[in-house]
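What follows is the residue order along each chain.
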2 protein chains.
Amino acid sequence: MSLANIRIVLLSPLYGGNVGSVCRAMANMGLSDLAIAAPRPYDRKEARMMACHATQILETIREYPTLAAAVADCAVVMGTSARSGLYRQHARSPREWAGRALEAAQASKVALVFGPEDNGLDNVDLALCTQIITIPATEEYLSLNLSQAVLVCAYELFVASGAYAPRQEKSPEAPSALRERMYAMWEQLLLKVGFMERDKAEHMMLGVRRIFARGPLTIDDVRILMGIARQTEWAVTHVGGSDPAPAPAPQAEDHL
Amino acid sequence: MSLANIRIVLLSPLYGGNVGSVCRAMANMGLSDLAIAAPRPYDRKEARMMACHATQILETIREYPTLAAAVADCAVVMGTSARSGLYRQHARSPREWAGRALEAAQASKVALVFGPEDNGLDNVDLALCTQIITIPATEEYLSLNLSQAVLVCAYELFVASGAYAPRQEKSPEAPSALRERMYAMWEQLLLKVGFMERDKAEHMMLGVRRIFARGPLTIDDVRILMGIARQTEWAVTHVGGSDPAPAPAPQAEDHL
């Protein structure tokens, strides 16, 4: 619910493409409250093009005459700045401030403020901000594109909010007993095709085991490997010449 | 050094603006190796405009006829995909894969592959990939703009590489003894101006202490607060009427 209380505020943006890209970045990251302070004319057609499917946000942008008005109802006001200086030393990264922003957003409005493309936020703008965000970037090129700066901040908030559910593999990691059945089948196959002699089998199988143990193997993975061993052994026994195995043989897909 | 071994590969990008924005995002995040696989014509003028100061990267883009050719020398090949499906369940976020990418990049070339704007990477493209990256985003709008997808991945690599040095405050957090001197000065001032009676002073000062203890106070912060108390007490004693304090009085800046 915290994300609903977070407002992105663009101060006098110049380019419609950026305004549109900001809308899309916000939609990607679960934000919807976009304000423009001290607006200047921008290319509305470009904005629509870059907003892509985020037209809802584009169409509900609210405009305010000043930055102070745009953040008037916000408890926490975080301003972004790539510049450094005496009164910017306490700036932190968006990841470091994400917790503070989300905590405040449980009960209050929170603003993230982004300056114009050409100059960023000046000291008068930053005076309104309770926190300063500086996005990690190389010293050689510290200044991000406006919409990309919004994306990084929105992404950090989205990830920190816990709204993101990491993709889950449906098949759990295979237990040792299943894996051992698979290795036994591979050993039998590799002996049969003459890949190794019986007295070298134990040694060679350590190499095979090492390969398959480099990363996790799920039950589905092990079943594919068992299917390969079973089908190949069948083919070695039953198929003569260079033709592929005929239809009646068990197919790998049966084992998935 | 790892970042130098990381290649961004764009498969058949459609829009020059995206190619340029990718260049800028890479320059921001310390990457420089950009390849385009199976190129289609794109607007070079738009690319130059969006690349901004990242012209070095724009001018050294290498083009390859196929994705396979663009990643041929890469040990780790990470493909980005917003789509899910049976063979995409093992996708992880760019933050989860950043360590793996940087570890491999110490000794080998590593590719991060991004599909065309309209369709993304298909199964044939993903077959070349050793890992799949899915960027955290809302279920409602999973698909990021191409250059923003590159930015998030590059940003995670940059942060994980340790290349980013958090901004340091030059003034350390104030020790208790200095802070107590400041509170003593404020107490004396607040008594003098009649903000509180002596018998309520202890109680009121707990409220003042609470305010100043909400966050860290550096030595510079405490010196500003001491300067305010000192100057204000001076003005209360010496300045009559409504004029501001005259020049000879100590100024706050002297205490910084």
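Just so we're clear, the structure is a prediction, and the values are computed from it rather than from any experiment.

Cut-offs and rules
Residues numbered from 1 in each chain as written. Chains lettered and ligands numbered in written order. Predicted model: local features only at pLDDT ≥ 70, side-chain atom pairs only at ≥ 80, totals over all residues. Heavy atoms only, no water. Buried < 20%, exposed > 50% of the residue type's maximum accessible area, 1.4 Å probe, protein only. Helix = DSSP H or I, 4+ residues; strand = E, 2+ residues; numbered from the N terminus. Pairing = 2+ DSSP bridges. Right-handed = clockwise from strand over helix to strand, strands pointing away. Domains from an automatic or database assignment. Expected span 1.5 Å × (residues − 1). Contact = heavy atoms within 4.5 Å. Buried area = accessible area lost by both parts, 1.4 Å probe. Salt bridge = Lys/Arg side-chain N within 4 Å of Asp/Glu carboxyl O. Polar contact = N/O pair within 3.5 Å; in protein donor to acceptor, adjacent residues only side chain to side chain. Least-squares fit on C-alpha atoms with pLDDT ≥ 70 in both. Core = buried A, V, L, I, M, F, W, Y, C linked by side-chain atoms within 4.5 Å. Patch = residues over 30% accessible without salt bridge, like charges linked within 9 Å, V, L, I, M, F, W, Y side chains within 5 Å. Areas by Shrake-Rupley, 256 points an atom, 1.4 Å probe, with all protein chains shown as cover. Lys, Arg positive; Asp, Glu negative; His and termini not counted. Charge placed at Lys NZ, Arg CZ, Asp CG, Glu CD. Phe/Tyr/Trp six-rings, centres within 6.5 Å; stacked < 30°, edge-to-face > 60°. Lys NZ or Arg CZ within 6 Å of the ring centre and 35° of its normal. Axes fitted to C-alpha atoms, helices over the stretch in contact; angles between N-to-C directions. Parallel < 35°, antiparallel > 145°, perpendicular 65-115°, else oblique. Left-handed = near helix turned anticlockwise from the far one by under 90°. Nonpolar A, V, L, I, M, F, W, Y, C, P; charged D, E, K, R; others polar.

What follows concerns the pairing of strand β5 (residues 109-114) of chain B. All names here are of chain B. With five of its six residues buried, β5 lies for the most part within the structure. Note that strand β4 (residues 74-80) and β5 share five bridges and pair parallel. Bridged to cysteine 74 within β5 is lysine 109. Since β4 and β5 lie parallel, the crossover through helix α5 (residues 94-105) that links them has a hand, and here it is right-handed.

So, on to the domain arrangement of chain A. As far as domains go, chain A holds domain 1 (2-160) and domain 2 (176-255). Taking the mean C-alpha position of each, domain 1 of chain A and domain 2 of chain A sit 56 Å from one another.

This part is about helix α8 (residues 176-192) of chain A. Residue and element names in this part refer to chain A. An ideal rise of 1.5 Å per residue puts 24 Å on 17 residues; α8 measures up with 24 Å between its terminal C-alpha atoms. Where α8 is concerned, the buried positions are Leu178, Met182, Tyr183, Met185, Trp186, Leu189, Leu190 and Leu191. In this structure, the buried side of α8 is in contact with α9 (198-212) and α10 (219-238). Backbone geometry just after α8 places glycine 194 at a positive phi near 80°.

Time to look at the interface of chain A and chain B. Listed per partner, the contact involves 51 residues of chain A and 51 residues of chain B. Buried area between chain A and chain B, both sides added, is near 4,100 Å², and the carbon and sulfur share of it is 51%. Three residues, Gln89, Tyr141 and Arg167 of chain A, lead the burial of chain A against chain B; their summed loss comes to 21% of the area buried on that side. Counting across the chain A and chain B interface gives two salt bridges. A salt bridge links arginine 95 of chain A to glutamate 156 of chain B, with the nearest nitrogen and oxygen atoms 2.9 Å apart. Applying the counting rule to chain A against chain B returns 28 residue pairs in polar contact (both at pLDDT 80 or more). Secondary structure elements with two or more residues in the side of chain A that touches chain B: α1 (16-28), α2 (44-51), α5 (94-105) and α7 (146-160) of chain A.

A separate point is the relation of the copies chain A and chain B. One chain copy maps onto the other through a rotation about an axis and a shift parallel to that axis. Each copy of the sequence occupies a distinct position, and chain A is placed on chain B by a rotation of 180° and an axial shift of 0.0 Å, giving an RMSD of 0.0 Å. The transformation just described matches what one would write down for a two-fold rotation axis. Interface overlap between copies: 100% of the residues of chain A at the interface are likewise at the interface in chain B, consistent with a symmetric, same-surface contact.

Moving on: the pairing of β4 of chain B. Looking along a regular strand, one sees the side chains alternate between the two faces of the sheet. Residue and element names in this part refer to chain B. Counting buried positions along β4 yields six of seven residues, so the element is predominantly enclosed. Both β4 and strand β6 (residues 131-133) contribute to a ladder of three bridges, which runs parallel. If you follow methionine 78 over to β6, its bridge partner there is glutamine 131.

A few words on the nonpolar core. With 96 residues, the main nonpolar core has Ile8, Leu10 and Leu112 of chain A together with Ile8, Leu10 and Leu112 of chain B as its most contacted residues. Among all residues touching leucine 112 of chain A, those that are not within four sequence positions of it are Ile6, Arg7, Ile8, Val9, Met78, Ile133, Cys153 and Leu157 of chain A.

So, on to the environment of proline 39 of chain B. Residue and element names in this part refer to chain B. Counting through the fold element by element, proline 39 comes out in the loop between β2 (33-37) and α2 (44-51). In this structure proline 39 comes out as partly exposed when scored by relative accessible area, which is 34%. Through-space distance from the C-alpha of proline 39 to that of tyrosine 64 is 7.4 Å; in sequence the pair is 25 residues apart. The residues contacting proline 39, other than those within four sequence positions of it, are Glu63 and Tyr64.

This part is about helix α10 (residues 219-238) of chain B. With 20 residues, α10 of chain B should cover 28 Å at 1.5 Å per step; its first-to-last C-alpha distance of 28 Å lies within 8% of that length. Looking at the buried side of α10 of chain B, the elements it contacts are α8 (176-192) and α9 (198-212) of chain B.

As a further point, take the side chain of serine 171 of chain A. All names here are of chain A. As for its placement among the helices and strands, serine 171 is situated in the loop between α7 and α8. Relative accessible area serves as the criterion here: at 9%, serine 171 is assigned to the buried category. A polar contact is formed between the side chain of serine 171 and the backbone nitrogen of isoleucine 219, at a distance of 3.3 Å.

What follows is about a negative patch on the surface. Side chains of Asp43 and Glu46 of chain A together with Asp43 and Glu46 of chain B sit close together on the surface and give a patch of like negative charge. A residue is classified by how much of its surface remains accessible, and aspartate 43 of chain B, at 40% relative accessible area, is partly exposed.

Attention shifts here to the packing of aromatic side chains. Scanning the model with the defined rule gives four aromatic pairs over all chains in all. Arranged with centres 6.4 Å apart and planes meeting at 40°, the rings of tyrosine 183 of chain A and phenylalanine 212 of chain A form a pair that is tilted. You can see tyrosine 183 of chain A sitting in helix α8 and its partner phenylalanine 212 of chain A sitting in helix α9, a full 29 residues away along the chain. Exposure remark for tyrosine 183 of chain A: the relative accessible area of 4% places this residue in the buried category. Aromatic rings pair up to connect Tyr183, Trp186 and Phe212 of chain A into one cluster. Over the aromatic face of tryptophan 97 of chain A sits the side chain of arginine 92 of chain A, whose NZ or CZ is 4.8 Å from the ring centroid. Lying across the ring of tyrosine 42 of chain B, arginine 44 of chain B places its NZ or CZ 4.4 Å from the centre.

Where α7 of chain A contacts helix α7 (residues 146-160) of chain B, the axes come no closer than 10 Å and their chain directions differ by 60°. By the angle class used here, α7 of chain A and α7 of chain B are oblique. For the pair α7 of chain A and α7 of chain B, the sense of crossing is right-handed. Between α7 of chain A and α7 of chain B, the contacting residues are Ser147, Gln148, Leu151, Val152, Tyr155 and Glu156 of chain A on the first element and Ser147, Gln148, Leu151, Val152, Tyr155 and Glu156 of chain B on the second. Partitioned by chemical class, the residues of the contact of α7 of chain A with α7 of chain B number six nonpolar, four polar and two charged.

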